Amino acid sequence: MRLFRSNEILGIAAETLEFALEASRDTHPNEYMGFLRGESASRLGLNREGTVITDVLVMPGTESNSVSATVKTSTVPNDMRAVGSVHSHPNGVLRPSDADLATFGQGDVHIIIGAPYDRDSWKAFDRNGDPRTLDVLDVELPDAESFFDFTQADIDEELREQ
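Residues numbered from 1 in each chain as written. Predicted model: local features only at pLDDT ≥ 70, side-chain atom pairs only at ≥ 80, totals over all residues. Heavy atoms only, no water.

So what about the sheet that holds strand S6 (residues 82-89)? Which residues, and what values?
Reading across the sheet, the eight strands line up as S9-S8-S7-S6-S2-S3-S1-S10 and stay open at both edges, with mixed pairing between neighbours. The sheet is open, and its two edges are formed by strand S9 (131-132) and strand S10 (135-137), each paired on a single side. Relative to strand S3 (residues 51-57), strand S2 (residues 33-40) runs antiparallel, the two being bridged by six bridges. When the sheet's bridge partners are listed, Phe 35 is paired in S3 with Leu 57. Across the face of the sheet, helix H1 (residues 14-27) comes into contact with strand S1 (9-13), S3, S6, strand S7 (109-114), strand S8 (122-125) and S10 while running at roughly 60° to S1. (Pairing = 2+ DSSP bridges. Helix = DSSP H or I, 4+ residues; strand = E, 2+ residues; numbered from the N terminus. Contact = heavy atoms within 4.5 Å. Axes fitted to C-alpha atoms, helices over the stretch in contact; angles between N-to-C directions.)

Pasting the structure below:
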């Protein structure tokens with residue numbers, strides 16, 4: 001079992017993207033906001049080193065309206081699987097605003113989803129706001145409870161491999 005991940009983001013799981021698109025649709029006309037977490041590609045059955053985005057974390061107390069979404073920083077977990085953020089633009093504009101760029105410092109990938117919130121209504125960006133390629137991968141996601149299924153021996157083995 002690998003507990004630590006390669007820094008390379010290989011893509012986003014199709015099921016995870018669908019969740020973010022649906023959440024954006026459900027939140028319209030307000031913005032949607034979440035944080036992205038990844039899983040080791042090898043743990044998902046891929047024969048590659050790197051990370052696949054598998055989860056969208058929604059923070060309690062997030063406030064949103066038609067032009068912004070604000071997360072209370074005290075609710076954001078210190079998570080070693082964190083890889084970036086996702087949020088929607090109800091106006092359909094698929095490029096980061098100045099406010100977006102100010103929040104892109106944490107994480108390697110940031111996704112903006114625009115109305116009408118379909119499979120062609122999103123783009124990924126790096127921490128500088130430059131567009132980046134993010135493949136949609138058809139992988140089976142692990143059970144959420146499996147994240148907590150490891151022992152001290154698993155941690156020790158992973159540290160030796162670093």
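Any details on the pattern of salt bridges? Residues and values, ideally.
Charged atoms that come close allow side chains of opposite charge to pair. A full pass over the atoms with the stated rule returns four salt bridges. The shortest N-O distance in the salt bridge between Arg 119 and Glu 18 comes to 3.2 Å. With Arg 119 in the loop between S7 and S8 and Glu 18 in helix H1, this residue pair connects regions lying 101 residues apart in the sequence. Note that Asp 108 is salt-bridged to Arg 127, the shortest N-O span being 2.7 Å. In this pair, Asp 108 sits in the loop between helix H2 (98-103) and S7 while Arg 127 sits in the loop between S8 and S9, placing the two residues 19 residues apart along the sequence. With relative accessibility at 25%, the residue Asp 108 sits in the partly exposed group. (Salt bridge = Lys/Arg side-chain N within 4 Å of Asp/Glu carboxyl O. Buried < 20%, exposed > 50% of the residue type's maximum accessible area, 1.4 Å probe, protein only.)

So what's going on with the nonpolar core? Which residues, and what values?
One finds Ile 111 and Leu 134 to be the most contacted residues of the largest nonpolar core, which totals 19 residues. Elements represented by at least two residues in this core include exactly S1, H1, S3, S6, S7 and S8. Broken down by element, the residue count for this core peaks at four residues, all from H1. When residues no more than four places from it in sequence are discounted, the contact partners of Leu 134 are Ile 9, Gly 11, Ile 12, Ile 53, Val 109, Ile 111, Trp 122 and Ala 124. Counting residues in each nonpolar core, the second largest holds seven residues, with Leu 10, Ala 13, Ala 41 and Val 52 among its members. (Core = buried A, V, L, I, M, F, W, Y, C linked by side-chain atoms within 4.5 Å.)

Go over unusual backbone geometry with me, naming the residues and quoting the values.
Working note: non-glycine residues mostly have negative phi, and peptide bonds are mostly trans. In the segment running from His 28 into Pro 29, the intervening peptide bond is cis, with an omega of 15°. Turning to its location among the elements, Pro 29 is positioned in the loop between H1 and S2. Between Ala 115 and Pro 116 the backbone carries a cis peptide bond, its omega angle lying at 15°. Tracing the backbone shows Pro 116 in the loop between S7 and S8. For Tyr 117, which is not glycine, the phi dihedral falls at a positive 65°. Position of Tyr 117 relative to the elements: it lies in the loop between S7 and S8.

Can you lay out the confidence of the model for the chain for me, pointing to particular residues and giving the numbers?
Predicted confidence across the chain gives a mean pLDDT of 82, with 75% of residues reaching 70 or more. For the chain, the element scoring lowest by mean pLDDT is strand S4 (residues 63-64), at 60; S8 scores highest, at 98. Contacts of residues 1-6 to residues separated by more than four positions or lying in other chains number 28 contacts, the stretch itself having pLDDT below 50. (pLDDT = per-residue confidence, 0-100.)

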